[in-house]
Each structure stands twice: as structure tokens, then as C-alpha cells.
Amino acid sequence: MQSEVLKRPTSRVEKALLLMSLLTIGRGLAESNCTSRRCLAEMLINKGYLSQPQNENCTQPIQVPFIAYQTLSVDTKNLRLISRLEATILWKDPALQWDTSVYKFDQVVLPVNKVWTPELHVTNGILTTMQHSSRDLLASSNGTVKHKVIIHAEINCEINLFNYPFAADECPVAIHTWSNNGCGTQLELGEVKLVGASQGDWETNKVGFEKKGDDRDYITVELSLKATNHFITLVLPSILIIAADIVSFALPLGGGERNCFKVTLVLSFTMFLSILNAQLPGDSECSPIIRIHFCVCLILLVLSMLVSMLLTRVAQDGCLISRRCSKGSAPKNTGNKERGDEEIKADISVIQLTVPEDTQMLRRVVKFLEDFAAKEMETEHNRKFANTLDKIFFWFYFICGTVYVCVMNTMMVKQKCIVNHFEFWD
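The notes below deal with the structure included here. A quick note: this is a predicted structure, and the numbers were derived from the prediction, not measured.

**Details of the overall build of the protein chain**
Scanning the protein chain for helices and strands turns up seven helices and 13 strands. The buried share of the protein chain, reckoned over its 426 residues, is 33%. Sequence separation of at least 24 residues holds for 73% of the intrachain contacts in the protein chain that already meet a minimum separation of 6.

Have a look at this one:
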């Protein structure tokens with residue numbers, strides 16, 4: 001009796017185990033009979049292959065058939081190129097293949113965080129971020145995986161600003177993937193297309209794939225600066241100030257109007273430079289020639305102001321330094337005074353009794369008028385001499401200023417400076 005009682009629980013346990021096994025088998029059969037697209041996706045996800053596909057040669061080819069490139073902005077102060085790249089990438093993962101006779105679908109959508117995906121980097125990028133364009137990717141029955149990524153890169157580009165504001169240059173955007181000692185990934189680039197050519201003051205003229213060596217791929221970005229705005233705000237005001245300084249020679253030397261006007265021009269140009277200092281480009285291998293232009297303009301203005309002040313002094317005193325004028329004129333005045341005293345003494349000693357006092361006063365008046373006339377003649381001579389020097393300097397200044405403006409603008413447009421943009425590789 002006891003043995004039968006003991007056998008009953010045992011049979012119950014066996015029945016429970018048998019029931020559980022039957023349920024498991026039934027569930028497996030039910031799952032194996034599921035051939036929907038979602039079941040296919042779950043089957044591929046459950047494989048859990050998050051590592052790079054391993055081939056015999058340890059290198060995984062990554063195809064980039066298309067890249068949409070866009071220049072977001074150009075930082076001329078810090079020489080930075082901010083770019084956005086949207087790349088379509090293809091690769092083959094044999095572990096993600098399936099039998100189309102069981103799952104009758106050619107493509108399936110998989111979560112991007114459940115499958116291995118390659119990473120693209122910008123070699124010369126100071127700050128590079130890559131993000132997936134979506135949370136899903138597309139897998140094909142032959143193991144081909146297709147996906148899109150978006151890359152934002154701040155690129156250290158030594159932009160050639162020698163011809164600023166007529167600057168134009170080419171910047172490389174070097175693209176690579178991870179590889180080490182012959183293992184990793186290898187890029188196969190296809191086509192690049194320009195999106196949004198005009199951004200701010202800069203315009204992207206052309207983009208294209210180039211190669212440097214066998215394994216160095218990069219995108220050549222041709223940039224040009226829109227010169228109209230910068231020419232109006234930078235170059236044209238400096239030319240107009242120089243022109244106003246040349247025209248100021250029409251003002252007379254006497255009276256101080258010309259000197260005041262030239263001082264005002266120098267102060268105005270100095271304020272102009274201090275205000276525009278934030279807009280001037282940063283220094284690079286080829287320093288912007290516009291800095292030299294502003295320096296020469298300031299030198300010309302200061303030189304013109306100093307010459308005008310010196311010629312004003314010459315027009316008044318006939319010499320440049322007041323001490324020299326006083327030393328040169330002092331003996332002449334002393335001699336006249338001594339000669340006048342001698343004549344007065346001679347008159348007094350010889351004919352003191354016969355000449356009336358009115359006659360002596362008349363002689364003094366005549367002598368004063370003669371000295372005044374001589375002084376006026378000397379002043380007029382000094383003025384004519386100063387005006388002659390002023391005319392000579394005017395024509396010299398006019399010719400030099402005109403030639404300088406023509407030469408400087410020609411250099412801004414046509415002169416070239418070579419910059420090595422591949423130092424990050426060299």
C-alpha cells in the first residue's frame with residue numbers, strides 16, 4: 001500500500017515534466033513555422049553578431065557609393081571649415097544571409113544597434129561626430145547591408161587668405177575607416193555631390209573625390225569668398241580716405257584748415273582699423289595682403305600730415321625749426337638796430353641843432369615802413385617757396401598713391417601664395 005502511494009507522486013512529476021517538454025517542442029515547432037518578415041528579423045537579431053565580419057584576408061570592404069557634401073560655414077578667424085556629410089554605405093555580412101525558400105523576402109529592416117556597422121572618420125577633423133541617419137538599416141538576403149550616416153566635422157584647413165577679400169582655395173576633407181596591421185576596413189568611394197553651394201560670405205564651387213597614394217582618400221572642396229561685401233566695407237573706404245587726403249592739398253597752407261583736416265583723416269582711419277579688427281581674417285602661412293595695404297595707407301596718411309605741418313612752418317618762418325630761424329634772423333635784426341642807432345647818433349651829434357624833431361620822427365616812420373616791407377617780401381618769398389614744395393609733394397604723393405592702389409589691387413586679385421594642405425599626412 002505504501003509503495004503505491006509513493007509511486008503516485010513520482011508519476012505526477014513525470015507527467016509534469018512530460019507536459020513541459022511537449023509545450024516546449026510545440027512552441028519550437030510553432031516558431032519554426034513562422035516565416036513572416038518580423039520573424040525573419042527576430043531570427044537575425046537573435047544571432048547577435050555585433051563584431052566585424054571576418055574574412056580570410058582580415059579586411060572588410062566598405063562601399064561608399066554616394067556622399068552628399070555641404071559646407072556649413074567657414075571660420076576665417078581661426079581657419080576652420082565646418083562641413084556636413086551624409087554618406088550611403090554598403091557592406092556584406094555573410095552571417096546575415098537567409099534562405100529565400102524559407103523566408104520569401106529579399107530585404108528586411110533591422111535595428112542599427114543590433115548589427116555591426118562601420119564608422120567613418122575625418123582625418124584632418126579637429127572635432128568629428130558621426131550619427132546614424134535612422135534607427136534602422138536595410139539587410140538583403142545575400143548578406144548585403146545598406147545604411148546612411150551623417151558626419152559633422154570641424155576641419156583644420158589652412159585656408160589661403162593671401163588674396164583676401166578676393167580669396168579662393170581648395171581644402172581637403174580626408175575620409176578614412178579603422179584599420180590596423182592589415183586588418184579592419186577598407187573604403188571604396190563612389191560619387192560625391194554638392195548640396196547648398198552658398199553659405200554666408202563663402203561659396204563652394206566644386207567638390208570631388210581625389211586620392212593621395214593608394215590608401216588616402218579625400219574630398220577636394222573648392223571655396224571662394226564673395227568679394228563684393230568685403231570690398232565695399234574694407235578696401236573701398238581706405239581708397240576713398242586716401243583720395244580725400246590727396247584732394248586736401250587744395251586747401252591753403254596758412255590758417256591751419258588743411259592740418260586739421262589731415263589730422264581728422266588719420267584719426268578716422270585709425271578708428272576704422274580698430275572697428276574692423278574683428279572682421280579681419282586670422283594670420284596663416286600666407287598672411288593676408290590686406291593687412292599690408294592698411295599699414296601702407298596709414299603710413300601715407302601720417303606722412304602727408306607731417307609734410308603739411310612742416311610746409312606750414314616753412315611758409316611762416318622760411319625754415320623748419322624755430323631755433324634755427326631765430327638764430328639766423330637775430331644778427332640781421334641786431335645789425336639793422338645798430339645801424340639805425342648809429343644814424344640816429346650821427347644825426348644827433350652832427351646836426352642836432354639844425355634838424356627839427358618832426359624830421360627825425362619822419363625818418364623813423366620811413367625806416368619802420370621799409371623794415372615792414374622787407375619783412376612782407378621775405379614772408380611772401382617763404383610762402384612761394386613753401387607752395388612750390390607743396391606742389392612737388394602733391395604730384396609725388398598723387399603719382400605714388402595712384403600707382404600703389406593699382407599695384408595693390410592687382411596683387412590682391414592675381415598674386416598667388418602656395419599653402420601645403422596635407423601637413424596632417426606628411
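That shown, we press on.
**What about a nonpolar patch on the surface?**
A surface patch of nonpolar side chains, amounting to about 520 Å² of accessible area, comprises Met361, Val365, Phe368, Leu369 and Phe372. Structurally, the position occupied by Met361 is in helix 7 (residues 357–414).

**A few points about the pattern of salt bridges**
As enumerated under the stated definition, the model contains five salt bridges in all. Asp217 is paired through a salt bridge with Lys211; the nearest N and O atoms lie 2.6 Å apart. With its nearest N and O atoms 2.7 Å apart, the salt bridge here joins Arg258 to Asp390. Highlighted residues: Arg258 in helix 4 (residues 257–276) and Asp390 in helix 7, separated in sequence by 132 residues. Comparing Arg258 with Asp390 shows no difference in burial state: the two are buried.

**Re unusual backbone geometry**
With omega at 10°, the peptide bond leading from Tyr164 into Pro165 counts as cis. Inspection of the secondary structure assignment puts Pro165 in the loop between strand 7 (144–156) and strand 8 (168–176). Although it is not a glycine, Leu79 adopts a positive phi angle of roughly 55°. Within the secondary structure, Leu79 sits in the loop between strand 1 (59–75) and strand 2 (80–92).

**Overview of the state of the cysteines**
Applying the stated criterion across every chain, the model contains three disulfides. One disulfide in the model links Cys34 with Cys39; its S-S distance is 1.7 Å. Here the S-S torsion is close to 70°, and the disulfide linking Cys34 with Cys39 is therefore right-handed. Owing to a relative accessible area of 23%, Cys34 belongs among the partly exposed residues under this scheme. Lacking any disulfide linkage, Cys295 is separated from the closest cysteine sulfur, that of Cys297, by 9.3 Å.

**Overview of the sheet that holds strand 4 (residues 121–122)**
Spatial strand order, 4-8-13-12-11: five strands in an open sheet with antiparallel pairing. The open sheet has two free edges, formed respectively by strand 4 and strand 11 (198–199), since each of these has just one partner strand. In the sheet, strand 4 pairs with strand 8 via two bridges, with the strands oriented antiparallel. Paired with Val122 across the bridge in strand 8 is Ile175.

**Thoughts on the packing of aromatic side chains**
Scanning all chains against the criterion turns up 14 aromatic pairs. Their ring planes at 90° and their centres at 5.9 Å tell us that Trp91 and Trp116 sit as a pair that is edge-to-face. Linking Trp91 in strand 2 with Trp116 in the loop between strand 3 (107–111) and strand 4, this pair joins segments that are 25 residues apart in sequence. Of the two residues examined, Trp91 and Trp116, each falls in the buried class. Here the aromatic rings of Phe269 and Phe272 are separated by 5.9 Å at their centres, their planes lie at 35°, and the arrangement is tilted. With Phe269 and Phe272 both in helix 4 and three residues apart, this pair spans about one turn of that helix. Phe272 carries the same exposure label as Phe269, and that label is buried. Sitting over the ring of Phe422, Lys212 keeps its end group 4.9 Å from the ring centre. A cation over a ring is seen here: Lys262 above Phe249, with NZ or CZ 4.2 Å from the ring centre.

What counts, and where the lines are drawn
- Residues numbered from 1 in each chain as written.
- Predicted model: local features only at pLDDT ≥ 70, side-chain atom pairs only at ≥ 80, totals over all residues.
- Heavy atoms only, no water.
- Helix = DSSP H or I, 4+ residues; strand = E, 2+ residues; numbered from the N terminus.
- Buried < 20%, exposed > 50% of the residue type's maximum accessible area, 1.4 Å probe, protein only.
- Contact = heavy atoms within 4.5 Å.
- Patch = residues over 30% accessible without salt bridge, like charges linked within 9 Å, V, L, I, M, F, W, Y side chains within 5 Å.
- Areas by Shrake-Rupley, 256 points an atom, 1.4 Å probe, with all protein chains shown as cover.
- Salt bridge = Lys/Arg side-chain N within 4 Å of Asp/Glu carboxyl O.
- Disulfide = S-S within 2.5 Å.
- Pairing = 2+ DSSP bridges.
- Phe/Tyr/Trp six-rings, centres within 6.5 Å; stacked < 30°, edge-to-face > 60°.
- Lys NZ or Arg CZ within 6 Å of the ring centre and 35° of its normal.

Remember that the coordinates give geometry; whether it matters functionally is a separate question.
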